[in-house]
Number of protein chains: 4
Amino acid sequence: MINIGVIGCGYWGPNLIRNFIACPETNLLWVCDKDKKRLEKVMAPYPGVNSAEDIHDILSDKNVDAVAIATPVHTHFPLAVTCLENNKHVLVEKPLASSVEQGEELVRLAKENNLQLMCDHTFCYTGVVRKMKELVDSGELGELLYFDSVRINLGLFQQDINVIWDLAPHDLSILDFIIDETPVSVSAHGVSHAGNNLENIAYVSLGYNSSFISHFHLNWLSPVKIRKTIICGSEKMLVWNDLDPAEKIKIYDKGINVKRDDHENRGRLLVSYRSGNMYAPHVSQTEALSLMVKEFASSINEKRSSLTDGEAGLRVLKILEATQRSIKADGANVRI
Amino acid sequence: MINIGVIGCGYWGPNLIRNFIACPETNLLWVCDKDKKRLEKVMAPYPGVNSAEDIHDILSDKNVDAVAIATPVHTHFPLAVTCLENNKHVLVEKPLASSVEQGEELVRLAKENNLQLMCDHTFCYTGVVRKMKELVDSGELGELLYFDSVRINLGLFQQDINVIWDLAPHDLSILDFIIDETPVSVSAHGVSHAGNNLENIAYVSLGYNSSFISHFHLNWLSPVKIRKTIICGSEKMLVWNDLDPAEKIKIYDKGINVKRDDHENRGRLLVSYRSGNMYAPHVSQTEALSLMVKEFASSINEKRSSLTDGEAGLRVLKILEATQRSIKADGANVRI
Amino acid sequence: MINIGVIGCGYWGPNLIRNFIACPETNLLWVCDKDKKRLEKVMAPYPGVNSAEDIHDILSDKNVDAVAIATPVHTHFPLAVTCLENNKHVLVEKPLASSVEQGEELVRLAKENNLQLMCDHTFCYTGVVRKMKELVDSGELGELLYFDSVRINLGLFQQDINVIWDLAPHDLSILDFIIDETPVSVSAHGVSHAGNNLENIAYVSLGYNSSFISHFHLNWLSPVKIRKTIICGSEKMLVWNDLDPAEKIKIYDKGINVKRDDHENRGRLLVSYRSGNMYAPHVSQTEALSLMVKEFASSINEKRSSLTDGEAGLRVLKILEATQRSIKADGANVRI
Amino acid sequence: MINIGVIGCGYWGPNLIRNFIACPETNLLWVCDKDKKRLEKVMAPYPGVNSAEDIHDILSDKNVDAVAIATPVHTHFPLAVTCLENNKHVLVEKPLASSVEQGEELVRLAKENNLQLMCDHTFCYTGVVRKMKELVDSGELGELLYFDSVRINLGLFQQDINVIWDLAPHDLSILDFIIDETPVSVSAHGVSHAGNNLENIAYVSLGYNSSFISHFHLNWLSPVKIRKTIICGSEKMLVWNDLDPAEKIKIYDKGINVKRDDHENRGRLLVSYRSGNMYAPHVSQTEALSLMVKEFASSINEKRSSLTDGEAGLRVLKILEATQRSIKADGANVRI
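Draft legend 1. Quick peek at the sheet that holds strand β1 (residues 2–7) of chain B. Residues and elements named next belong to chain B. Pairing in this open sheet of 6 strands is parallel, and the strands run β3-β2-β1-β4-β5-β6 from one edge to the other. For this open sheet the edge positions go to β3 (50–52) and β6 (117–120), each flanked by a neighbour on one side alone. Neighbour-to-neighbour, the strand axes of the sheet open up by a mean angle of 25°, direction not taken into account. As defined by bridge partners, β1 adjoins strand β4 (residues 66–69) across 4 bridges and the pair is classed as parallel. Each residue of the ladder has a partner; that of I7, found in β4, is I69. Where helix α4 (residues 73–85) meets the sheet, it contacts β1, β4 and β5 (89–93), and its direction lies at approximately 170° from that of β5.

Right, dumping it as structure tokens:
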């Protein structure tokens, strides 16, 4: 049984609280928030859990094994450092930190102290994304050819970050989870329509050492909501429409076969087309967060890295930083 | 009455023939094709029209006012030159020619000889595109913010051109028709999966001197067919789904209002959101080609440039050439 | 301020509790449930509200003005009778009671005691249904021609009622709310596939004294979920797709014009077709239940019938009973 | 090689002509139409085929083996009788004739003269319907539970027949082709909005000796076009959406398992739900008509009944007649 403290009762904290309480492998000891009123309101249904306005109540409790941090992004780093220095395992909301430098420091600290550092890439624990990973890993799609994602709607214009830092962490954590190959460069184009230099529409292309390519359309200013990802393989092609209430993933037995005509037309390519069945696999409905907190507990119990560990959070940060540099340099190719 | 000759009986020629015959302002005198069998088959239902295997039969006929060229792209330039030199008005299938240099020469020749040169940008004559132009021109959408187009499916891999030269002329001619502002730079990313150095997937971003942006996803290797364009304005947003059999255009009364908070939070932006009715305007079902051939005849009769004249064809060529340079330079920004 | 007691903490009760607390015109005094554990769990976040395991605690409290009943259907009648006899206004979950006879008795009792009796036809308070009523009442649709509803999915097979008693109350309460004309007969067809004589698929046709017709497809055994209603008028036609996350109502400016050809073909009808714009009106997102509880309070304060009063509940019951008779008589026409 | 004559060059005739010419097992000798102009226009591309304005030119030609009749419905019977009496095999457009009596006479005549009589139920030769029959016949769907079809749009109001005679032949011929069990009764409801006593909206329920049920919504006055059929089986459920350009048939591995609880609650049913993968089988794109004319030729060559023989046409006629009686009797159950 892993004893847990949660820091932060804002938007996401209550979800963590609910799942840590429900998880048979975790025991929620403390919840902390600086805002006393919010804390009281959130904790009303849980009289058996301790409330704290100061995190040191948690850190000084020797029974606490691990801390989950669900606070604003710029506080992730200092809070995580303190927790790690007080010998607590740490789970951090995404993104892991505000910069690659901070992320690297957290990863180093955790390793040094033999502690688990995990990043809450929630999407990776959904039935849909796990199924996609399973399909890719099994080789059913064949050699992977491209990854294309559209994540657009009329969304909340953030005040401090652009649309990339707001939406891309979802896609990049999924990409990192499913696709083995590592991107080596990024080119990003976007504009700001609100006059504050924060892009509200962006197009991001990731380059690889192979002929694989990935691309992301991120947009807060679209009249229609679209959440659609294509993962194209040489054998099969997959479309994930997250807004389809019934069949979120469809796998198409479609593709091309390429032959070189060595006789009549030297070098001419002969392309033929395949079009077979489509199927939509049944996808587990288990709540992603329940699996995420279980994985956190298991990684601590089994003294192993979690599926979305600090390194994964760091890889996402690296792409985000490079993307930011590219978009400010008019789409120039930036090495990752 | 404009007397017409048509060169080329392949895929597109028969459509031109049918429409020139139906148009009350044109009189089809000649049809020419080097392939005698194909010519005979196509002309069987039209015994009153002359057939020719040699274009000089057409060029030497003093009664012929204008020639329509529907042949492979690399023959557009020499054929159009010959026709213009023989004092015939010219309609050319898109793209206008194989290079900007050729396109400029054609435009120059036509002007010098007081002849109409027109490019068959068919999409510009559809009810849908005309309605979109009307909406943009009327100011109903407000200030234009971006143009995003997705044109993907499991398509025929061409042997001599990449997916950009195959599909982008559609989008670029529509962009040219509807959007007044001229793009100044392009960045294009893409890869070839067939091993022949011809990209089958490409992402194209056009940059402007303002905060307008346009983007195109072109793809021969998609499991699903998508034909969707968003034109976002400051007042209203438009979505064109060309595969919707009933309502191809939807106009959303949605948007944001941005205010600067000069009191409490200096510089902080206050963004509020509007969400009103959506409507789908009734769109004319008149065949685009019938309007295109009528416009060709009218431009000749009225001695004026047509809606999609040689200059329009040349503007599209300029973007295509710059895009090609960018994709071969790994997405580098190329001036148009 | 109306003082309220709620009876029943099952599926629906907590929603009523939340809304009575939030409503500025109501004051929640008591909540009652026979199951002590469930009661405690539901009431944990509301320490200021009294809990009771026996309804007489509520009925004997002179401060209580009105009682809301959210218990199993067969208990609606006895509970409502007791409340009315104790001089409390009553709100009952749908359906109002188990039979027309019971419903008539409740309506009589309420009238005799000058008390408000209201039925919680929640759908009638949604933005969508209110907008549809507004469109019909304004005459925008013209003369109404038919009402067609499909409400199917792989649904929970109820143990005590067939698919009609489970799903049709939704549609019939909406029909009653929007359509002025009263059905005079019903014919219902259906079968049971579970071997328990409770139909899991049913088709219900309502006949009228005019050429209006309404029809309902109700189905627990469909692979796909459909919630679609067409209200066709002589001027415009409306489609309500409750599963569309963005545009639930679409209004089509479509129709036919019928003329009688008195010259050439005596009696022959000349039908011409109109097809204009479609639009999707913006629909209020206010929670239906919040408007429902407000209407309950207002009807008491203003001593007037509510929008969905006991009479409305009774009209729905009458159709349900007739439908049940028809389906058991192999679809025979039954007078309502 | 079967020598063919075609009677009728209206809407459907040219399709038959094209397919008889393309079919390697048929030889088109004659085409006949009373309207000389129409005949000349249709036959222009086929100089090698004989034209006739009088059917006796065809009937007296000893080389003609079979005649296809594509004329108005009320002429089907007299023309087919004449052809059969002149010893020609006969293919008739649907419906087979104007009444059951006529249909029975045709079937009798054909049998008496050892001639093939076939009804052109084109839908039965589409890839989609053949695939559905294959799935049903293989037992993959399990025991069949119901057949539900919606065929509605803003359609052409016919002058002489109601919406049932116009649209139901499609559905009834498909039902007859796929479902072995024979309906024993029909109940139909509908109204006429054009004031000519011809229903433009109709709901048709077919009853069976088992707990199978089938239902049809037919409608000329719908703002949206829907072509959707559900065939529900105990093992799997199938949805055919004919307007889906990509995946017309979807098969859902969904269903219920019903057990009787013999212990605690005697007689109480325990219903559990299955929800597995969905798949969309690849469907042959071969033109239905090409398979239909081939089947006509094969049935003659092999002296066997065709897949959609006169008996099939007659079965459809019987349901149509009973449906007509029911709708005129206010939906009364009519024995078929």
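Further notes follow.
Draft legend 2. Local environment of the relation of the copies chain C and chain B. You can overlay chain C on chain B at an RMSD of 0.0 Å; the transform is a turn of 180° with a shift of 0.0 Å along its axis. Such a combination of turn and shift is consistent with a two-fold rotation axis. Taking C-alpha positions as the reference, the residue of chain C nearest the rotation axis is C:Y279, at 1.9 Å. Comparing interface residues between copies, 100% of those in chain C also lie at the interface in chain B; the contact surface is shared.

Draft legend 3. Fine view of the relation of the copies chain A and chain B. For the pair chain A and chain B, the relating rotation is 180°, the translation along its axis is 0.0 Å, and the fit reaches an RMSD of 0.0 Å. A shared binding surface is used by both copies, with 100% of the interface residues of chain A retained as interface residues in chain B.

Draft legend 4. Broad picture of the interface of chain A and chain B. Taken together, the contact between chain A and chain B spans 50 residues of the former and 50 residues of the latter. Roughly 4200 Å² of surface becomes buried between chain A and chain B when both sides are summed, with 68% attributable to carbon and sulfur atoms. Linking chain A with chain B are 0 salt bridges, by the criterion used here. Among the secondary structure elements, those contributing two or more residues to the side of chain A that touches chain B are β7 (144–154), β8 (185–191), β9 (201–207), β10 (213–219), β11 (221–233), β12 (237–241), β13 (249–260) and β14 (269–280) of chain A. Tallying contributions element by element places β11(A) first for the side of chain A that touches chain B, with 8 residues. Taken together, the residues of the side of chain A that touches chain B break down into 26 nonpolar, 17 polar and 7 charged.

Draft legend 5. Geometry of the pairing of strand β12 (residues 237–241) of chain B. Residues and elements named next belong to chain B. Taken across its 5 residues, β12 has 4 buried, putting it largely inside the fold. With 5 bridges connecting them, strand β11 (residues 221–233) and β12 associate as antiparallel partners. Counterpart to C232 in the pairing with β12 is M237. Connecting β11 to the antiparallel partner β12 that follows it, the hairpin turn spans 3 residues. In this structure, β12 lies alongside strand β13 (residues 249–260), joined through 4 bridges in antiparallel fashion. Residue pairing for β13: M237 is matched across the bridge by Y252.

Draft legend 6. Main features of the arrangement of the chains. Note that chain A does not reach chain C: the shortest distance linking a C-alpha of one to a C-alpha of the other is 6 Å. Chain B shows no contact with chain D. Their nearest C-alpha atoms sit 6 Å apart.

Draft legend 7. How the structure looks around the side chain of D:T308. Residues and elements named next belong to chain D. With respect to the helices and strands, T308 occurs in the loop between α8 (288–301) and α9 (310–328). We classify T308 as buried; its relative accessible area is 1%. Separated by 2.8 Å, the side chains of T308 and Y125 make a polar contact. In contact with T308, other than residues within four places in its own chain, are M118, C119, H121, C124 and Y125.

Draft legend 8. Focus on the packing of aromatic side chains. Tallied over the entire structure, the rule returns 24 aromatic pairs over all chains. Plain terms: the ring middles of A:Y273 and B:F157 are 6.3 Å apart, the flat faces sit at 50° to each other, and that makes the pair tilted. Of this pair, A:Y273 sits in strand β14 while B:F157 sits in the loop between β7 (144–154) and α7 (163–178), placing the two residues on different chains. Classification of B:F157 by relative accessible area gives buried; the value is 7%. Ring geometry for C:Y208 versus C:F212: centroids 4.9 Å apart, planes at 85°, classification edge-to-face. Grouping residues by exposure puts C:Y208 and C:F212 together as buried. Taken together, the ring pairs in this structure connect A:F157, A:W220 and B:Y273 into an aromatic cluster. In this structure, A:K133 is placed above the aromatic ring of A:F177, and the distance from its NZ or CZ to the ring centre is 5.1 Å.

Draft legend 9. Layout of the interface of chain C and chain B. With 11 residues of chain C in contact, the opposing surface of chain B contributes 11 residues. Buried area between chain C and chain B, summed over both chains or domains, comes out near 930 Å², and the portion from carbon and sulfur atoms is 46%. Area buried by chain C at its contact with chain B is led by C:E247, C:M278 and C:H282, which between them contribute 46% of it. Connecting chain C to chain B are 0 salt bridges. At the level of elements, β13 (249–260) and β14 (269–280) of chain C are the ones that each hand at least two residues to the side of chain C that touches chain B. Among the elements that line the side of chain C that touches chain B, the one with the most residues is β14(C), at 6 residues. In this structure, strand β14 (residues 269–280) of chain B lies alongside β14(C), joined through 3 bridges in antiparallel fashion. Bridged to B:Y279 within β14(C) is C:Y279.

Rules behind the numbers
Residues numbered from 1 in each chain as written. Chains lettered and ligands numbered in written order. Predicted model: local features only at pLDDT ≥ 70, side-chain atom pairs only at ≥ 80, totals over all residues. Heavy atoms only, no water. Pairing = 2+ DSSP bridges. Helix = DSSP H or I, 4+ residues; strand = E, 2+ residues; numbered from the N terminus. Axes fitted to C-alpha atoms, helices over the stretch in contact; angles between N-to-C directions. Contact = heavy atoms within 4.5 Å. Least-squares fit on C-alpha atoms with pLDDT ≥ 70 in both. Buried area = accessible area lost by both parts, 1.4 Å probe. Salt bridge = Lys/Arg side-chain N within 4 Å of Asp/Glu carboxyl O. Nonpolar A, V, L, I, M, F, W, Y, C, P; charged D, E, K, R; others polar. Buried < 20%, exposed > 50% of the residue type's maximum accessible area, 1.4 Å probe, protein only. Polar contact = N/O pair within 3.5 Å; in protein donor to acceptor, adjacent residues only side chain to side chain. Phe/Tyr/Trp six-rings, centres within 6.5 Å; stacked < 30°, edge-to-face > 60°. Lys NZ or Arg CZ within 6 Å of the ring centre and 35° of its normal.

Just geometry here; none of it tells us what the structure is for.
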